[in-house]
Amino acid sequence: MHELAGGGDDGTTGLLGGGRAEKDDPRIEAYGTVDEASSAIGLAKALTADERVRSIAEDLQRGLYRLGAELSTSLEHQGRFGSTSAGDVADLDRLMADLEAEVPMPTGFVLPGTTPASGALDLARTVVRRAERRCVTLVREGQLSNPEVRRYLNRMSLLLFVLGRYEEDRAGQRAKLAKPS
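All values derive from a computational prediction rather than experimental measurement.

Trainee: Outline the overall build of the protein, supporting the account with residue identities and numerical values.
Mentor: In terms of regular secondary structure, the protein is built from five helices and four strands. Taken from N to C terminus, the helices and strands of the protein fall in the order β-β-α-α-α-β-α-α-β. Computed over the C-alpha atoms, the radius of gyration of the protein is 18 Å, within 12% of the 16 Å expected from 2.2 N^0.38 for a compact globule of 181 residues. The buried share of the protein, taken over its 181 residues, is 40%. Contacts in the protein between residues far apart in sequence, at least 24 positions, make up 75% of those at least 6 positions apart. Summing over all exposed atoms, the protein offers an accessible surface of approximately 9,600 Å²; the carbon and sulfur share of this is 52%.

Trainee: An account of the confidence of the model for the protein is needed here, citing residue identities and associated values.
Mentor: Residues of the protein with pLDDT of at least 70 account for 93%, and the chain-wide mean is 90. Across the protein, the element-wise mean pLDDT spans from 74 in strand β1 (residues 12-14) up to 98 in helix α3 (residues 86-102).

Trainee: Give me the packing of aromatic side chains: which residues, what numbers.
Mentor: A ring pair, where both rings are aromatic, is described by two values, the distance of the centres and the angle of the planes. Under the counting rule described, the total for this entry stands at zero aromatic pairs. The ring of F161 carries R165 above its face, with NZ or CZ at 4.7 Å from the centroid.

Trainee: Provide a residue-level description of helix α1 (residues 26-47), including the pertinent values.
Mentor: One turn of an α-helix holds 3.6 residues; hence residues three or four places apart share an orientation. Across its 22 residues, α1 extends 32 Å between first and last C-alpha, which sits within 8% of the 32 Å expected from 1.5 Å per residue. Those residues of α1 lying buried are R27, I28, A30, Y31, T33, V34, A37, S38, A40, I41, G42 and A44. Along its buried surface, α1 packs onto β1, β2 (20-22), α2 (51-71), α4 (116-140) and α5 (147-170). The residue sitting at the N-terminus of α1 and contributing the capping side-chain oxygen is D25; that oxygen lies 2.8 Å from the backbone nitrogen of R27.

Trainee: Which residues make up the side chain of E132, and what values do they have?
Mentor: Relative to the elements of secondary structure, E132 occurs in helix α4. Not counting chain neighbours up to four residues away, the residues in contact with E132 comprise R150, L153 and N154.

Trainee: Please set out the nonpolar core residue by residue, giving values where relevant.
Mentor: What tends to happen in soluble globular proteins is that the nonpolar side chains get buried as a cluster. Counting residues in each nonpolar core, the largest one holds 40 residues, and the members touching the most others are I41, L60, L71, L153, M156, L160 and L163. The set of elements that each furnish at least two residues to this core consists of α1, α2, α3, α4 and α5. For this core, the element with the most residues is α5, which contributes nine residues. Those residues in contact with L60 that sit more than four places away from it in its chain are I41, L92, M156, L159, L160 and L163.

What counts, and at which threshold
- Residues numbered from 1 in each chain as written.
- Predicted model: local features only at pLDDT ≥ 70, side-chain atom pairs only at ≥ 80, totals over all residues.
- Heavy atoms only, no water.
- Helix = DSSP H or I, 4+ residues; strand = E, 2+ residues; numbered from the N terminus.
- Rg over C-alpha atoms; globule rule 2.2 N^0.38 Å.
- Buried < 20%, exposed > 50% of the residue type's maximum accessible area, 1.4 Å probe, protein only.
- Contact = heavy atoms within 4.5 Å.
- Areas by Shrake-Rupley, 256 points an atom, 1.4 Å probe, with all protein chains shown as cover.
- pLDDT = per-residue confidence, 0-100.
- Phe/Tyr/Trp six-rings, centres within 6.5 Å; stacked < 30°, edge-to-face > 60°.
- Lys NZ or Arg CZ within 6 Å of the ring centre and 35° of its normal.
- Expected span 1.5 Å × (residues − 1).
- Polar contact = N/O pair within 3.5 Å; in protein donor to acceptor, adjacent residues only side chain to side chain.
- Core = buried A, V, L, I, M, F, W, Y, C linked by side-chain atoms within 4.5 Å.

Shown next, in the form of structure tokens:
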């Protein structure tokens, strides 16, 4: 049996650098949501037939892994396991601009699910948005001081939208638009 088996039975979980926190602590909610986003991106990666989409998705998962480590670090050890930088945000901006130059963006609200992979990317986008909201809570409660975390998540959600449209384009599809009734 794993030596840590049952360690969280008391409703707490371990933090990087030591210490424990309640499983419903806002910090745990934030990095748990980042983990969910990575899983949703992984689903898109598995569903796409496009190698570029797969490669970008995997890079995004690695970025979320690093960000999750930052969020799961105890306050006393912030920065010890890395931190999200303005350069990380700029990388997402550059990639988004490159993709937008290749694919026309829709002019209205998109109904997710034009292709299985684009639907998974749109789902991942909503999970990243939730992670961003969880980080807003951390900032308000004084548990997160790095402003680049929120910027990174904000840009990633925008990039996932653009990547979804790129995926549809590469599959020979166009996004279906929602029309108000």
